[in-house]
Amino acid sequence: MSRQMAKQYSPSAVEKSWYSWWEKSQFFVADANSSKLPFVIVLPPPNVTGALHIGHALTAAIQDTMIRWRRMSGYNVLWVPGMDHAGIATQVVVEKKLMRERKLSRHDIGREKFVSEVWDWKDKHGGTILQQLRRLGASLDWSREFFTMDEKRSKAVTEAFVRLYKEGLIYRDLRLVNWDCVLRTAISDIEVDYIDIKERTRLKVPGYDKPVEFGVLTSFAYPLEDKELGEIVVATTRVETMLGDTAIAVHPDDKRYHRLHGKFAIHPFNGRRIPIICDAILVDPEFGTGAVKITPAHDPNDFEVGKRHKLEFINIFTDDGKINGNGGSEFAGMPRFKAREAVTESLKKKGLFKEAKTNEMRLGICSRSNDVVEPLIKPQWYVSCSTMAKKSLDAAMDEEDRKLEIIPKQYNADWKRWLENIRDWCISRQLWWGHRIPAWYVTLEDDDLKEVGAYNDHWLVARNEEEAQEEAKKIYAGKKFQLNQDPDVLDTWFSSGLLPLSVLGWPDDTEDLKAFYPTSVLETGHDILFFWVARMVMLGIELGGNVPFSKVYLHPMIRDAHGRKMSKSLGNVIDPLEVINGITLEGLHKRLEEGNLDPKELVVAKEGQMKDFPSGIAECGADALRFALVSYTAQSDKINLDIQRVVGYRQWCNKLWNAVRFAMSRLGEDYVPPSNVIPDVLPFSCQWILSVLNKAIARTVSSLELYEFSDASSALYSWWQYQLCDVFIEVIKPYFAGNDPKHSSERSSAQDTLWLCLDYGLRLLHPFMPFVTEELWQRLPSPKDCKRPASIMICEYPSIVESWTNERVESEMQLIDSAVKSLRSLAKESRERRAAYVQCRTDSVLETVNNHKLEIETLANLSSLTVTDENVAAPAGYAVSVVDESLTVYLNLQGSLSAEAELERIGKKKDEIQKQMEKLSKMINASGYKEKVPAQLQEENAAKLKSLELEFSSLELASEHIQSVSS
C-alpha cells in the first residue's frame, strides 16, 4: 500500500481490492472445533433467478454489522450463504427462455429434458447475486455455501418429509387451493397479490385478447323442481362456476327461503337436482345473509356452524383454466372468462338472468404470472400445523420459559394471531422444478380405477423407490402392483423452512450441527414472519428438538423517499449497485427501456426518475450505502430511503479520510505509538476526547447488544463528526503550529491520543463500514512491542477503559463548548478573527475559562480573549450572548453591530425564558405540589427556576449594556 494518501476519498479505489484479500486469507471461515462461543446466522437465501435489490442490501448490511462485531468480540462466527432454487420463479424464467429462443414449451421437450435445461441455466446464470453480495462487503463463509436443491439439502428435505409423514404430521387431502391457470399449479398465499376493486374494472389477463371485466355481481334464478314454489335467486361474482354448482346454502338467519329447506332446484344447463340447505352457515366474505350457491370453489371447512352436509364434488375446470366436459357440452373447452360471458348470455336467453351490478371485491393476482387466481379443490399434500404451532407460540410467548425473542416486540401480536389461527399448510406444487415429493402411488392389478391418485389409501412415502418397493411388497403381499412417483414437487418454503438444520448437515450428526445448532439470530423482513420464520420454528422444534434460533430481528420494508412502494412502473426502484457505483440519468432511463414496461408506463417512470434523480446518482460506495441503511432501522415498519442521505455519508467518508490524512501528517514517518497512555498526565483536550470515546464505546456496544443498530450508528457518527473531527482535531492544531518548544509535551501527548482515537474509532466503525476502515487502519503505524493482527476485521472490538472516564473534564468541556457555540453564533458568517470578552459570575466558571483560554480561542477562531468577572463590562461595539446564568460572552463586531437587532434578539430570548419561568412557578405553587411531588424532583425544579431567574437577570444586564454603549 502506498504511504502517500490520495487527497480525496474515492469509494471505487478503496473498495476494489480488500474483499478478495479477506476471502483468500480465510478470515470468514468458521471452525466447528473452536472453543469460542458460537454466533451463527443463516443468510435468507436469495432466489437463484435474482439480482441484488435494495432489500437484499439492507439484509446484508444489518447481518454483516452483527457478524463483524461478534467476530471482533471473540465469537466463533458462522454466516452461511446460499441460494434458493425458487421453484415457480425459476421455472417461469426458463420456460420464457425456451419459448423465446426455440419456440418450445416445457411440455414439448418433456420433464427430464426441461429439468436439465433449468440446471444448465442455473449453472450459467444463477448465483449472480452472490457475487454482488461480495461487492457489499458481506463476510460470508463461502466454504459452506449451499443451494436448496444440492445433494445435502435434497437429502434433508426427503428425510423431513418421511419423518413428518410417519409421525402423522403430513397427509394427503382434497381441499381448496389458490390455483394459477397459466403456471398450472397451486401457489402459496405469499405469491398472491390482492387488488381492491371499487367499481367495474377491466383488466388484462394472460391468454385473453380483450381485457376482462371484474367488480360485477351477477344475480340469476334457479327454477325449483316443484314449479309451484317458483324460483330461488342467487348472486355471484364468478357466474361461470355455476356450471359446477352442487347445492344452494341459505343463511339460517334469512327467513325468506326457510320453506325451501330440503327442496331441490334444477340446473338450467344439465338438469342436475340441486339441494337447498338452510341449516349450515357458510363463511363467505362476499355475502351476508341470503342464498349462496356452493361450487367446487367452496372448501368443506368453510362450513362454520350447523349441520354438515356431504355434497357431491364436480370439477368443471381443466388445469389451464378451461371448462371441461363436466361443465356442460355447450361450454366445454372455453377459457373460464369467455365461459363467463357465454353463461351470462345463455341465462338471459332462458329468462333466468336477473341483474348485474357493481360490486366491491378483492381480486387475487399471481405475482409470478399476473394470472387471476382461481380457487379450486385439488388433491394435495398437507402439513398438520396445530400441534407444532402451539409449541412455536409458547416458545415466544411463555414468559417463564421464553426460548424465542422477536425484535421489535410489536410483532409478537402478529406471531400470536397467525399461530393461533393457523390452517394446515399445502406443500405440493404442480411444477417440474423443485424437490420431487417422495411419495409413490400403488396401482394394484385388480383395482377398478387405474388413474394415479384414485384411491387415497394407496399412497406410500419412502426415501427412495427401492424403499417404496419393499414397503409395497409388505403391504400388498402376493399382489401385482405398479409404482408411480407423485409428479408434484414440494413448496419452496418447505426446503427453506429446514435451512437452520440442513445447512449444518442435518439429518447427519455432523460436527457443524453439534457446534452451531441452534443458530443465534434470524434476521429478515417482517413480511415473511409467518411464511418463513414461523415454519422454520415449527420444523426446527419438531425435527431438531429445539428452536432454530433464539432471536428474530425483523427489519423494515424499504420505500422511496416519498414513502411509495418501489415499482418499475413508477421508476423509483433503486438498484444498490447503481448507488455504489453511481449512474447517470441516461443510464437510469436505459435500464427502464430494457425492461418490459408498456409505453405509457415508461413515460411515467422516466418522469419519476427525472424528478428524483435529475443528475443521476453520484458514486457513493458500499460503505456509505451500508451505513445509511443501518442508520434507517430506527423506522421499524417502513424506511423512506432518500439517496441524498447516502450521498451525505459518502461525504462523511471523505471526512474520515481527511482526519487520517491530518493524523499521518502530524505523526510523521518515524512515529511509534505507545503500548499505553496515562490519562492523568495528558493535556485537557486529550483527557476529554478519551473520556467521550469511552461513552461512545459504551453506547455502541449496548445498542448492538439490544439490536438498536440505528442508535449504534448514531453514537459512532456523533463521536467521529462532532467530537473527534469538529473539536479534538481542531483544538490540538496549535500544538503543531511551528516547533514551539513550550508545546513539545502537549504535541507528543496529542500524537499518542490521536493515534489511540483513530485506532479505537476505526475498530468501532469497522462492522458498519468495512472497506474504508480497513484501508485507513492499515495506514496507521503499529504500536511498539506488539505484533498486531493482519486485518482490522480480526482485531479486538473496543471495550471501555475505566481510567479514561473523567466526568470533571467532560463537564468543563461542555462549558467551553457552550461558550464557543455562542461566540460562533455571534460571528455568524464572518471569517475574520475577532476579539472577545467572557464575563464569568462564579469563581469556578472563572477558573475553568481561564484555564482553557487556548481551547476557546482556537475553536471560536478568536484574535484574543479577555476573561473577566461580573464587575468588568465589555467595551462598546461588542455583541452579547448570555450562555447561561453564570456565563456571558461578548464578541467585537465594531462597524457591523446593529444595536436594534441585538436588542430584538435579546428581547426574544427574555420572552422565551419568562414563559418557562411562569410555567415552572405555576407548577411549584399548585395545590398539593409539596405533598404529591417527590422531594428530589422538587429540588430539581427549584434549582431550575433559580437558574432561569439568573439567566433572565443576565439578559437584562446585557440589554442595558447595549443600550448604554449605543446611546
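Model, not experiment: these values are computed from the prediction.

A. Representation of the overall build of the protein chain within the structure. Counting its secondary structure elements, the protein chain contains 31 helices and 35 strands. For the protein chain, the spread of C-alpha atoms along the principal axes amounts to about 110 × 65 × 60 Å. Split into buried and exposed, the 967 residues of the protein chain put 54% on the buried side. Considering only contacts within the protein chain whose residues lie at least 6 apart along the sequence, 76% involve residues at least 24 apart. Element-wise, carbon and sulfur atoms account for 48% of the exposed surface of the protein chain, whose accessible area totals about 44400 Å². A distance of 3 Å separates the average location of the 123 positive side-chain charges in the protein chain from that of its 139 negative side-chain charges.

B. Local environment of the pairing of strand 19 (residues 361–366). Counting buried positions over the six residues of strand 19 gives five, a clear majority of the element. In the sheet, strand 7 (residues 192–197) pairs with strand 19 via six bridges, with the strands oriented antiparallel. When the sheet's bridge partners are listed, isoleucine 197 is paired in strand 19 with methionine 361.

C. Seen up close, unusual backbone geometry. Residue isoleucine 407 is joined to proline 408 through a cis peptide bond whose omega torsion reads -5°. Relative to the helices and strands, proline 408 is located in the loop between strand 21 (405–407) and helix 11 (412–420). The phi dihedral of alanine 86 is positive, around 50°, even though this residue is not glycine. One can find alanine 86 in the loop between strand 3 (82–83) and helix 4 (87–102). Residue classification places alanine 86 among the buried positions, given a relative accessible area of 5%.

D. Spatial organisation of the packing of aromatic side chains. Considering all chains together, one arrives at 36 aromatic pairs under this definition. Measuring from ring centre to ring centre gives 4.9 Å for phenylalanine 627 and tyrosine 649, while their planes differ by 70°; the resulting arrangement is edge-to-face. Residue phenylalanine 627 is located in helix 20 (residues 621–631), and its partner tyrosine 649 is located in helix 21 (residues 643–667); the two are separated by 22 residues in the primary sequence. The aromatic ring of tryptophan 142 is capped on one face by arginine 134, whose charged end is 3.7 Å from the ring centroid.

E. Layout of the sheet that holds strand 24 (residues 439–444). Reading across from one edge, 25-24-26 is the order of the three strands in this open sheet, with antiparallel pairing throughout. Every interior strand has two partners, whereas the edge strands, strand 25 (459–461) and strand 26 (481–485), have only one. Pairs of neighbouring strands in the sheet enclose a mean axial angle of 30°, with direction left out of account. Where strand 24 and strand 25 come together, three bridges link them in antiparallel fashion. Across the sheet, alanine 439 pairs through a bridge with valine 461, a residue of strand 25. Packed onto the sheet, helix 12 (residues 465–475) meets strand 24, strand 25 and strand 26 and runs at close to 145° relative to strand 26.

F. Representation of the sheet that holds strand 6 (residues 185–187). Spatially, 6-5-20-22 is the arrangement adopted by the four strands of the open sheet, whose pairing is antiparallel. Only two strands of the sheet have a single neighbouring strand rather than two, namely strand 6 and strand 22 (425–426). As paired elements, strand 20 (residues 374–383) and strand 22 share two bridges and run antiparallel to each other. The residue of strand 22 that forms the bridge with tyrosine 382 is cysteine 426.

G. Helix 19 (residues 599–612), seen in detail. Compared with the 20 Å implied by 1.5 Å per residue over 14 residues, the 20 Å span of helix 19 between its first and last C-alpha is a close match. Every buried residue of helix 19 is accounted for by Ala605, Gly608 and Gln609. Within helix 19, the buried residues cover an arc of 100° as seen down the axis, which keeps them to one side. Away from its buried face by more than 90 degrees, helix 19 exposes Pro599, Lys600, Glu607 and Lys611. Elements that come into contact with the buried residues of helix 19 comprise helix 18 (585–593).

H. Representation of the confidence of the model for the protein chain. Of all residues in the protein chain, 95% attain a pLDDT of 70 or more, and the chain-wide mean is 90. Residue range residues 283–289 is modelled with pLDDT below 50. Its contacts to residues more than four positions away, or to other chains, number 13 contacts.

I. Inspection of the packing of helix 20 against helix 21 at higher detail. Contact pair helix 20 / helix 21: the axes reach a minimum separation of 8 Å and the direction vectors enclose 125°. Between helix 20 and helix 21, the crossing angle belongs to the class labelled oblique. Regarding helix 20 and helix 21, the two cross each other, and that crossing is right-handed. Counting all contacts with helix 20, which are made through Asp623, Ala624, Leu625, Phe627, Ala628 and Ser631, the residues of helix 21 involved are Arg645, Val646, Tyr649, Arg650, Trp652 and Cys653.

J. View of the pattern of salt bridges. Evaluation of the coordinates by the stated rule reveals 52 salt bridges. With a shortest N-O distance of 2.9 Å, arginine 153 and aspartate 150 are connected by a salt bridge. By the burial criterion, arginine 153 is buried, and aspartate 150 matches it. Residues aspartate 759 and arginine 763 are paired through a salt bridge, measuring 2.9 Å at the closest nitrogen-oxygen approach. With aspartate 759 and arginine 763 both in helix 24 (residues 744–765), this residue pair falls four residues apart, about one helical turn. The pair aspartate 759 / arginine 763 is uniform in exposure class, with both members buried.

K. How the structure looks around the environment of glutamate 112. Within the secondary structure, glutamate 112 sits in helix 6 (residues 111–125). Given the relative accessible area of 72%, glutamate 112 is considered exposed.

Reading guide: rules and limits
- Residues numbered from 1 in each chain as written.
- Predicted model: local features only at pLDDT ≥ 70, side-chain atom pairs only at ≥ 80, totals over all residues.
- Heavy atoms only, no water.
- Helix = DSSP H or I, 4+ residues; strand = E, 2+ residues; numbered from the N terminus.
- Buried < 20%, exposed > 50% of the residue type's maximum accessible area, 1.4 Å probe, protein only.
- Contact = heavy atoms within 4.5 Å.
- Areas by Shrake-Rupley, 256 points an atom, 1.4 Å probe, with all protein chains shown as cover.
- Lys, Arg positive; Asp, Glu negative; His and termini not counted.
- Charge placed at Lys NZ, Arg CZ, Asp CG, Glu CD.
- Pairing = 2+ DSSP bridges.
- Phe/Tyr/Trp six-rings, centres within 6.5 Å; stacked < 30°, edge-to-face > 60°.
- Lys NZ or Arg CZ within 6 Å of the ring centre and 35° of its normal.
- Axes fitted to C-alpha atoms, helices over the stretch in contact; angles between N-to-C directions.
- Expected span 1.5 Å × (residues − 1).
- Arc of directions from axis to C-beta.
- pLDDT = per-residue confidence, 0-100.
- Parallel < 35°, antiparallel > 145°, perpendicular 65-115°, else oblique.
- Left-handed = near helix turned anticlockwise from the far one by under 90°.
- Salt bridge = Lys/Arg side-chain N within 4 Å of Asp/Glu carboxyl O.

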